[in-house]
Amino acid sequence: MSFFQILTRPKQITGIVLISFCHAGPAMADVGSATFSAEQLEFFENKIRPVLVENCYACHSHEAERNKGGFYLDSRQSIIDDVIAEPGAVEDSLLIEAVRYQNPDYAMPPAGKLPDEVIADLERWVEMGMPWPEEAGPGGSEVFDLAARRASHWAWQRPKRTEKLPEVPGREGEALGAIDRFIEARLAEEGMKPSPPADRATLIRRVTLDLTGTPPTLAELDAFLADESPDAYEQLVDRLLASPRYGEKWGRHWLDLMRYAESYGHEFDYTTPHAWKYRDYVIRALNDDLPYDRFVTEHIAGDLVEPRIHPETMVNEAVVATGWWFMHEQTHGPTDVRQHEADRIDNQIDVLSKSFLGMTVACARCHDHKFDAIGDEDYYAMAGYLQSSRQQVAYLDPASRIEQALGPVRRVIAEGQVAYDALDRPVLEPTAHEHADSSLFEDFNGASYEGWRTTGWAWGEAPTRPGQWDPRSGRAQAVRPGLAHSGLLGDEAVGTLWSSEFDFANKHIWVRVKGAGEIRLILDTYTVNRFSQLLFEGFISKVDTQGKWQWVELKDRRGLFAGKGLHRGHLEIIDDRTDAHLIVDEIRLGDNNGPREGPREPNASAQSVELSQADAPFAALSARFNEAASHIPGPQRALAIADGSAEDSYVHIRGSYRNQGETIPRRDLEATGGLEMTPVDEGSGRDQFARAITDPAHPLTARVQVNRLWHHLFGRGIVSTVDNLGYLGIPPTHPELLDHLAVLFVEEDAWSTKAMIKRIVMSQAYRRSSDKTDTNAEAADPDNLLLRRQNIRRLTAEGIRDSVLAVSGSLKDQMYGPSVPAALTEFMQGRGRPKSGPVDGNGRRSIYIGVRRNFLSPMMLVFDAPIPFSTVGRRNVTNVPAQALTLLNDPFIHEMADRWSRRVVKDGSQQVDQRIDGMFRTALGRPPTPQELEAARGFITMKADQLNLNEQRVMSDARPWRELCHTMFNLKGFIYIR
């Protein structure tokens with residue numbers, strides 16, 4: 001047997017779930033079967049049923065007033081009976097041919113071809129066997145009894161703590177923790193015994209990889225093996241939990257849930273602004289062990305709760321937490337903006353409900369949930385929180401440096417105002433102006449920005465008022481009242497002025513402005529309109545009037561939106577420049593010709609009242625103002641959510657926003673007490689919602705988090721479907737244990753994630769051997785559901801890459817900051833292709849490598865990193881040839897093998913056997929077996945002969961060692977945790 005065969009022959013690995021790769025994860029169903037997985041049914045409810053309802057049911061359902069064509073698309077059986085589609089036969093299905101517009105005689109829908117991504121979903125649906133839930137009648141008319149469903153399913157009941165823990169036969173009086181009592185008592189019931197403890201070398205490698213994501217160093221391994229103190233393992237656990245690497249490892253798990261990406265995908269893959277700051281927030285929060293209830297609260301309503309100033313960043317971290325809301329995929333030019341808004345909210349609800357509640361609430365978008373105690377009213381109650389919110393780029397003020405710099409500016413202004421008030425001068429009053437063919441939207445003549453809100457500092461607290469000194473003038477001069485003015489604290493101050501939402505019923509919006517900045521109309525909260533050159537042309541204006549007053553027009557140039565009564569919008573007036581400012585006089589709406597600049601009333605056009613005899617002291621004050629304003633630093637920026645106009649959502653009957661149903665107040669799910677919540681009286685209410693789902697009495701939140709932690713430490717959750725604790729989820733293997741831990745998590749651990757992780761890894765169950773020595777038990781419980789042993793688990797894609805970096809000596813400790821671009825192959829082409837990054841990612845951990853939806857890292861994908869579409873709490877674990885080929889051929893692997901080999905030969909005093917022993921312990925956490933040592937020694941000798949190296953030179957030449965390093969990266973023991 002060759003050396004390579006000895007070192008790379010497959011070990012007997014069981015307990016690893018092998019799943020066929022698919023975009024959303026589910027394995028393909030038997031096309032002849034009507035039994036489908038929960039993931040497949042969820043795909044149908046989220047992706048297929050809304051398309052059928054929106055585009056097909058008006059003509060091809062049993063409820064249609066007049067059926068066209070004589071076939072029906074409102075039940076799976078009808079589709080099959082009418083030969084419209086055949087499960088699994090994509091190319092032979094009339095449905096697919098019709099939506100592809102391949103035949104002009106029956107191209108469907110007749111109003112226009114569906115988007116390519118929707119057609120792709122339909123193709124995939126047919127390919128997987130056309131999953132469809134069992135329903136009573138063609139359209140599904142079974143009675144929905146929410147109370148009965150809630151009462152009959154365990155997840156809706158509040159977790160209960162077991163006061164008297166189970167007794168384990170034969171182990172009475174031993175100091176067993178709760179975890180081990182529950183597990184071993186169950187094993188005893190089944191006549192099984194737990195496996196013995198893992199050896200100490202295996203244990204330190206396991207827990208180090210689980211808690212920090214990289215293997216232990218040789219020094220750490222030797223120190224632990226030499227430490228005979230009874231608390232050596234606990235000290236190890238505490239050290240790992242305190243390591244900055246902990247947040248990087250567990251932060252990646254969390255980013256899977258938030259479908260973290262740094263670009264929007266779709267055709268041009270535009271950049272998601274400031275996404276990496278959210279990633280850094282997650283790492284910091286986990287390293288700081290931010291209590292999970294506060295962590296959840298900040299994610300949902302960090303912009304509304306008490307600020308949390310981080311001692312390192314010196315900014316309000318809570319606002320940064322909300323960036324995940326807008327890390328969805330984004331269509332850059334949707335043909336139906338309201339539908340796009342509905343789809344975006346659907347994705348947000350899907351991520352929210354799966355990640356925090358472990359429920360598939362998005363399945364209730366078109367109708368009451370087919371299986372769980374979730375009605376369509378629950379869905380639209382949650383949707384109201386999002387319809388009442390907006391995307392923003394938040395301005396952050398580290399250590400309040402901007403506020404401190406504004407102090408001297410405000411003092412100069414106050415001093416000048418006192419001096420100006422002492423002068424005998426007339427006071428200008430705001431004036432209103434009439435314009436034919438337009439109506440006034442805003443004239444800023446009030447005493448406040450009522451109906452508007454501001455972010456940043458530029459716009460002050462109110463419009464200009466009568467008699468307000470103009471610090472920019474250098475004279476005894478008042479600024480004209482009734483203006484929104486972004487320069488009265490200096491050009492360096494930045495900020496945004498937002499209007500409330502309004503029905504977009506006119507074709508034109510005119511804004512009278514002077515200065516430089518940007519004006520946007522945000523329609524149906526569609527925030528990427530600056531990239532949609534055709535569809536949204538005219539909805540954004542870069543302004544620079546060169547010091548003159550000018551009417552700026554925003555216009556629905558294609559006539560797609562105005563006057564239909566379906567669209568709402570708001571205005572954003574943005575001063576994001578530190579070298580200019582913007583002044584807004586008034587805003588008008590209309591459908592015909594708009595206002596034009598021309599003669600105006602004298603007091604309206606006057607910009608000042610001049611008192612030349614008093615100018616000298618004001619010139620000095622203005623000079624001091626300009627000097628103070630020049631020291632205002634720029635803000636940091638972060639993607640975030642903000643409150644918009646408060647509104648409840650109405651039910652979209654059968655999922656269509658065009659079919660308006662009952663308006664539903666914002667609240668949590670009815671099954672978790674949503675009907676008892678106090679109605680939202682102002683704002684979006686997201687803060688109230690966050691309090692509801694982090695209430696200790698909530699049945700889902702703590703359970704879901706504890707189950708996720710268990711999943712990452714055992715390779716399988718107590719409920720294996722970690723994102724779905726509902727009816728279609730797999731029942732818990734140890735329900736009492738899950739409940740008990742959920743209560744401890746809240747009541748004793750005070751929502752501390754680190755404390756719960758420590759509970760789990762300190763258990764004997766976690767520390768057991770993964771060896772399969774009990775053949776009878778293996779036969780009775782082949783999937784190890786009863787946890788008599790630890791599971792063998794493959795490292796994640798990031799874990800493999802980070803371990804390669806660590807072992808080669810290339811891993812850097814640098815944390816945070818902008819992402820390193822992923823290394824792209826020459827075959828990765830397309831619109832929006834970014835610049836390829838370095839092969840080694842600058843030595844940064846994988847969590848700091850850029851995640852662009854259209855250009856995902858090939859190495860990450862081949863080892864099952866998720867495509868960031870929605871929540872992925874349980875990654876696929878595949879075993880495919882491409883993985884072996886990657887470890888054999890990837891330039892990154894070759895480069896790291898080369899670096900490791902140069903480290904190996906750096907110490908020329910080592911003997912061959914010592915060197916091989918150190919390599920094995922570095923890579924695998926154990927010394928080589930005698931057979932492996934002999935094979936490795938023989939391999940080095942063979943390579944030395946091929947390279948004509950004598951015994952002395954072979955110890956200093958990296959080439960033979962490079963081949964050995966490369967081989968070790970390919971060992972199963974390197975990429976698996978035992």
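Quick note: structure is the one above.
Below: a short report on this structure. Values in this document were obtained by computation on a predicted structure and should not be read as measured data. (Residues numbered from 1 in each chain as written. Predicted model: local features only at pLDDT ≥ 70, side-chain atom pairs only at ≥ 80, totals over all residues. Heavy atoms only, no water.)

## Details of the overall build of the protein chain
For the record, the criterion: The helix and strand labels rest on DSSP assignments: H or I over at least four residues marks a helix, E over at least two residues marks a strand, and numbering proceeds from the N terminus. Note on method: radius of gyration uses C-alpha positions; expected globular size equals 2.2 Å times residues raised to 0.38. Only heavy atoms matter for contacts: two residues are in contact if any of them lie within 4.5 Å across the pair. Here Asp and Glu are counted as negative and Lys and Arg as positive; His is not counted, and neither are the chain ends. A charged residue contributes its charge at one atom only: NZ of Lys, CZ of Arg, CG of Asp or CD of Glu.
For the protein chain, the count of helices and strands is 34 helices and 16 strands. Over its C-alpha atoms the protein chain spans a radius of gyration of 32 Å, differing by no more than 12% from the 30 Å that the globule rule assigns to 978 residues. Seen through its C-alpha atoms, the protein chain measures out along the principal axes to roughly 100 × 75 × 60 Å. Counting contacts in the protein chain only where the partners sit at least 6 residues apart, residues at least 24 apart contribute 74% of the total. Both charge centroids of the protein chain, one from 110 positive and one from 141 negative side chains, sit 5 Å from each other.

## Looking at the pattern of salt bridges
Inclusion rule: Criterion for a salt bridge: a side-chain nitrogen of Lys or Arg within 4 Å of a carboxyl oxygen of Asp or Glu. Between buried and exposed lies partly exposed: a residue is buried under 20% and exposed over 50% of the maximum accessible area for its type, with that area taken using a 1.4 Å probe on protein chains only.
The full count for this structure, using the stated rule, is 71 salt bridges. For Arg365, the salt bridge identified is with Asp346, shortest N-O distance 3.8 Å. Here Arg365, found in the loop between helix H16 (337-357) and helix H17 (376-387), pairs with Asp346, found in helix H16; they are 19 residues apart in sequence, far enough to count as distant. Accessibility assignment for this pair places Arg365 and Asp346 in one class, buried. Its salt-bridge partner being Asp491, residue Arg472 comes within 3.1 Å of it at the nearest N-O pair. Within this pair, whereas Arg472 is found in the loop between strand E3 (452-456) and strand E4 (484-485), its partner Asp491 is found in the loop between E4 and strand E5 (495-499), the two being separated by 19 residues in sequence. On the accessibility criterion, Arg472 (29% relative accessible area) is partly exposed. Each member of the salt-bridge network shares a partner with another, and the members are Arg245, Glu248, Arg801, Asp802, Asp813 and Arg845.

## Notes on empty space enclosed by the protein
This is how the line gets drawn: Grid spacing is 1 Å over the protein atoms alone, the probe is 1.4 Å, and a cavity is where that probe fits but cannot get out, while a pocket is an open set with protein on both sides within 12 Å along at least five of seven lines and lining residues have an atom within 4 Å of a point. Grid points are joined across faces, edges and corners, and a volume is the space filled by probe spheres set on the points. Note on residue classes: Ala, Val, Leu, Ile, Met, Phe, Trp, Tyr, Cys and Pro are nonpolar, Asp, Glu, Lys and Arg are charged, and everything else, Gly too, is polar.
Counted according to the given criterion, the structure contains 9 cavities of 30 Å³ or more. Roughly 230 Å³ of volume is contained in the largest cavity. In terms of lining, the largest cavity is formed by 18 residues, of which the most central are Arg252, Glu798, Val851, Met860 and Ala865. Its residues assigned to classes, the lining of the largest cavity comprises 10 nonpolar, 4 polar and 4 charged. Taken as a whole, the second largest cavity holds about 190 Å³ of empty space. Lining the second largest cavity are 17 residues, with Trp254, Leu286, Gln705, Leu709 and Thr753 sitting closest to its centre. If you list the elements that add at least two residues to the lining of the second largest cavity, you get helix H12 (244-257), helix H13 (275-287), helix H14 (292-301), helix H22 (701-714) and helix H24 (753-761). Considering every element that reaches the lining of the second largest cavity, the biggest residue donor is H12, with 5 residues.

## What to know about the nonpolar core
Rules: Side-chain atoms within 4.5 Å are what join buried Ala, Val, Leu, Ile, Met, Phe, Trp, Tyr and Cys residues into a set we call a nonpolar core.
Formed by 120 residues in total, the largest nonpolar core has its most connected members in Leu211, Tyr278, Ile300, Phe356 and Trp710. When residues no more than four places from it in sequence are discounted, the contact partners of Trp710 are Ile179, Ile183, Gly715, Arg716, Gly717, Ile718, Leu737, Leu741, Ile760 and Leu787.

## Notes on unusual backbone geometry
For the bond running from Met108 to Pro109, omega is -10 degrees, close enough to zero to count as cis. For Pro109, the position within the fold is in the loop between helix H5 (94-99) and helix H6 (116-127). The phi torsion at Asp269 lies on the positive side, around 55 degrees, for a residue other than glycine. Asp269 gets classed as buried once you look at its relative accessible area, which sits at 1%. One non-glycine residue, Ala750, adopts positive backbone phi at about 55 degrees. Mapped onto the fold, Ala750 is located in the loop between helix H23 (735-747) and H24.

## Re the layout of surface pockets
The calculated volume of the second largest pocket comes to roughly 730 Å³. Taken together, 27 residues line the second largest pocket, and the ones lying closest to its centre are Thr217, Leu218, Ala806, Arg903 and Thr922. Secondary structure elements with two or more residues in the lining of the second largest pocket: helix H9 (200-212), helix H10 (218-226), helix H11 (232-242), helix H26 (797-808), helix H29 (891-904) and helix H30 (912-924). A per-element tally of the lining of the second largest pocket places H30 first, with 6 residues.

## Looking at the packing of H9 against H12
The following threshold applies: A fitted line through C-alpha atoms represents every axis, and for helices the fit uses only the stretch in contact; the resulting angles, taken between N-to-C directions, go from 0 to 180 degrees. For classification purposes, an angle smaller than 35 degrees is called roughly parallel, one larger than 145 roughly antiparallel, one from 65 to 115 roughly perpendicular, and anything else oblique.
It is at 6 Å that the axes of H9 and H12 come closest, and there the two elements cross at 70 degrees. With respect to each other, H9 and H12 are oriented roughly perpendicular. Seen from H9, the contacting residues are Leu209, Asp210, Leu211 and Thr212; seen from H12, they are Arg245, Tyr246, Lys249 and Trp250. Its residues assigned to classes, the contact of H9 with H12 shows 4 nonpolar, 1 polar and 3 charged.

## Thoughts on the side chain of Arg666
To keep it simple, the criterion reads: The definition of a polar contact used here is a pair of N or O atoms within 3.5 Å, where within protein one atom must be able to donate a hydrogen and the other to accept one, and adjacent residues in sequence count solely through side-chain atom pairs.
Within the secondary structure, Arg666 sits in the loop between strand E14 (660-664) and helix H21 (686-693). A relative accessible area of 7% places Arg666 in the buried class. Only 3.5 Å separates the side chain of Arg666 from the side chain of Ser388, close enough to count as a polar contact. Other than its neighbours up to four places away in sequence, Arg666 contacts Ala381, Gly384, Tyr385, Ser388, Ala646, Glu647, Asp648, Val680, Gly683, Ser684 and Gly685.

## What about the pairing of strand E7 (residues 508-523)?
So the rule is basically this: The rule for pairing is simple: two strands pair if DSSP sees at least two bridges between them.
Most of E7 is tucked away, with 16 of its 16 residues classed as buried. As judged from the 6 bridges shared by E7 and strand E9 (residues 550-555), these two strands associate in the antiparallel manner. Opposite Trp510, over in E9, you have Glu553 as the bridge partner. Sheet topology note: the E7/strand E8 (residues 540-544) ladder contains 5 bridges and is antiparallel. Each residue of the ladder has a partner; that of Ile519, found in E8, is Ser541. Relative to strand E10 (residues 568-575), E7 runs antiparallel, the two sharing 6 bridges.

## Quick look at helix H31 (residues 930-946)
As a reminder of what qualifies: Expected helix span is taken as 1.5 Å per residue step, with the number of steps being one fewer than the number of residues.
Compared with an ideal rise of 1.5 Å per residue, which puts 17 residues at 24 Å, H31 spans 24 Å between its outermost C-alpha atoms and is within 8% of the ideal. Every buried residue of H31 is listed here: Glu932, Leu933, Ala935, Ala936, Phe939, Ile940, Lys943 and Ala944. Two residues or fewer past H31, Asn948 is found with a positive phi of approximately 60 degrees.

## What about the packing of aromatic side chains?
How we decide: Here the aromatic set is Phe, Tyr and Trp, taking the six-membered ring for Trp, and pairing holds for ring centres within 6.5 Å; pairs whose planes are under 30 degrees apart are stacked, those over 60 apart are edge-to-face, and all others are tilted.
Counted according to the given criterion, the structure contains 30 aromatic pairs. A ring pair is formed by Trp254 and Phe295, whose centres lie 4.9 Å apart and whose planes are at 65 degrees; its orientation type is edge-to-face. In this pair, Trp254 sits in helix H12 while Phe295 sits in helix H14, placing the two residues 41 residues apart along the sequence. Aromatic pair Phe444 and Trp452: ring centres 5.3 Å apart, planes at 50 degrees, arrangement tilted. You'll find Phe444 and Trp452 in the same group, each marked buried.

## Focus: the environment of Met955
Examined against the element boundaries, Met955 turns out to sit in the loop between helix H32 (951-954) and helix H33 (958-969). Along the sequence, Met955 and Ile940 sit 15 residues apart, while their C-alpha atoms lie 9.8 Å from each other.

## A look at helix H18 (residues 401-421)
Put simply, the test is: Axes are fitted to the seven residues ending at a residue and to the seven starting at it; the angle between these axes is taken as the bend at that residue.
The first and last C-alpha atoms of H18 sit 31 Å apart over 21 residues, in line with the 30 Å expected at 1.5 Å per residue. When the local axis directions of H18 are compared, the greatest deviation, roughly 30 degrees, occurs at Gly407, which is followed within four positions by the proline Pro408. The complete set of buried residues in H18 reads Ile402, Ala405, Leu406, Gly407, Val409, Val412, Ile413, Gly416, Gln417 and Tyr420. Those residues of H18 that are buried lie in contact with strand E1 (389-396) and helix H20 (615-629).

It is worth stressing that arrangement in space is one thing and function is another; only the former is reported here.
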